[in-house]
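So you can see what is in the structure, the chains are spelled out below.
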Amino acid sequence: MTVQDRTLHNFNILGFQQDLLSWYEANKRDLPWRKDQDPYKVWVSEIMLQQTKVDTVIPYFHNFLEKFPTVYDLAAAEEQEVLKAWEGLGYYSRARNLQHAVREVVEQYNGQVPDNSKDLEQLKGIGSYTKGAILSIAFNKPVPAVDGNVMRVFSRLLNIDDDIAQQKTKKLFEQIIHEVISHEDPSSFNQAIMDLGATVCTPKSPSCLFCPVQEHCQAFALGIEDKLPVKAKAKKNKTISYHVLQIRNENGEVAIEKRSKDGLLANLWQFPMIPVKELNGSPVEEWFYNQYGLRIKMGKKQGQLKHVFSHITWELEVHPAQLIVEDGTNHSLCFVPVEELSSYPFPVSHQKMMQYL
DNA sequence: AACGCGGGGTC
DNA sequence: GACCCAGCGTT
């Protein structure tokens with residue numbers, strides 16, 4: 001059974017393309033990365049837009065392009081500079097992978113973003129969606145760019161109830177778009193689906209009465225648009241408690257450290273964090289000495305905050321502390337003046353704690 | 001195939 | 001609270 005047999009047997013492809021594209025021509029959003037088709041700008045915007053709303057991305061996009069106008073500027077930058085420009089945007093591996101890939105483009109492709117699938121998909125951070133987005137938007141090639149929007153729109157259009165959280169469902173939609181995409185204007189086609197998904201065919205309360213492709217939509221005809229798409233529930237979020245120390249030395253400088261190069265918030269900076277679970281009732285000062293080899297005296301709690309990630313919740317209790325002896329031995333802490341903190345990339349949770357300094 | 005990976009907005 | 005968002009890399 002082919003994709004066409006299962007889903008497209010009664011779908012008016014040419015009529016759909018025409019209705020979609022003429023709606024897009026009249027209603028497309030005015031977005032900063034749509035001013036030209038510079039592949040580098042398209043690339044940066046697509047990485048920023050992964051799991052991130054347009055309104056959040058816009059100021060970051062402007063700032064990033066101002067700091068790193070070309071692949072050469074980004075390739076030459078310090079990673080910490082790039083992370084600083086990404087600070088607050090989340091999913092920081094996107095920034096590190098983007099710079100890694102841009103350096104490869106400079107070295108292997110003479111600074112030209114590849115215009116073919118084979119080369120694009122082996123660049124770090126470019127998966128199936130981003131590859132399709134770059135090829136279609138920047139190079140006008142008829143390649144599917146299937147994201148959450150596309151799966152939502154087409155699950156409703158074609159009444160497909162496969163779980164969109166599954167990998168194989170994304171492949172099904174890529175086959176469908178392969179059949180349906182406009183070869184006349186693939187760039188507008190892919191962007192039109194995204195605009196439609198963002199502004200009309202929304203996750204909740206879609207505006208079917210104003211939908212330019214309503215007459216092509218099976219879910220609307222059946223009155224089941226609010227039942228689609230089907231998506232498996234996410235795993236439950238776990239809570240971890242920490243004491244966070246804002247340690248001053250005799251010069252009033254404050255202690256920060258760089259996080260691991262792997263895992264959560266990789267390579268960002270933070271105030272030292274003590275997992276409450278590891279204390280087992282023993283004093284923080286003792287745990288800290290065993291871990292860092294430095295004597296400190298902890299002060300009274302200054303405040304607390306809760307920070308929710310997609311898969312973890314941090315419960316943070318903020319304490320001031322004083323360094324007793326600077327022994328000059330190896331430890332991972334840097335003592336820096338408070339006014340210099342703004343030059344380091346910090347997670348949002350630690351930015352919020354700076355009010356207690 | 002499942003999981004780790006941010007942060008903000010909406011209802 | 002739960003859910004969503006122009007997903008990807010690792011295991």
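Since this is a predicted model, take the numbers as computed values, not measurements. (Residues numbered from 1 in each chain as written. Chains lettered and ligands numbered in written order. Predicted model: local features only at pLDDT ≥ 70, side-chain atom pairs only at ≥ 80, totals over all residues. Heavy atoms only, no water.)

**Some points on the protein's contact with DNA strand B**
With respect to spatial proximity, 19 residues lie near DNA strand B, and among them Y91, Y92, L264, L265 and H311 are the closest. Among the atoms of DNA strand B lying within 4 Å of the protein, the sugar-phosphate backbone contributes 62%. Between DNA strand B and Y91, the relevant distance is 2.9 Å, taken from a sugar or linking oxygen to a main-chain nitrogen or oxygen of the residue. The contact in question runs from a base nitrogen of DNA strand B to an N or O atom on the side chain of S310, over 3.4 Å. Class assignment for the residues of the surface near DNA strand B results in 8 nonpolar, 9 polar and 2 charged. (Near = heavy atom within 4 Å. Polar contact = N/O pair within 3.5 Å; in protein donor to acceptor, adjacent residues only side chain to side chain. Nonpolar A, V, L, I, M, F, W, Y, C, P; charged D, E, K, R; others polar.)

**Some remarks on the domain arrangement of chain A**
Here the domain parsing of chain A yields domain 1 (3-227) and domain 2 (238-356). Computed from C-alpha atoms alone, the centre-to-centre distance between domain 1 and domain 2 is 39 Å. Contacts between the two partners involve 9 residues from domain 1, matched on the other side by 15 residues from domain 2. The junction of domain 1 with domain 2 conceals about 870 Å² of combined surface from both sides, 50% of it contributed by carbon and sulfur atoms. By the criterion of area lost to domain 2, the three top residues of domain 1 are Q80, E87 and Y92, representing 50% of everything that side buries. The interface formed by domain 1 and domain 2 includes 0 salt bridges. Seen at the junction of domain 1 and domain 2, the total is 6 residue pairs in polar contact (both at pLDDT 80 or more). Sort the elements by how many residues they give to the side of domain 1 that touches domain 2 and helix α6 (residues 79-86) lands first, with 4 residues. (Domains from an automatic or database assignment. Contact = heavy atoms within 4.5 Å. Buried area = accessible area lost by both parts, 1.4 Å probe. Salt bridge = Lys/Arg side-chain N within 4 Å of Asp/Glu carboxyl O. Helix = DSSP H or I, 4+ residues; strand = E, 2+ residues; numbered from the N terminus.)

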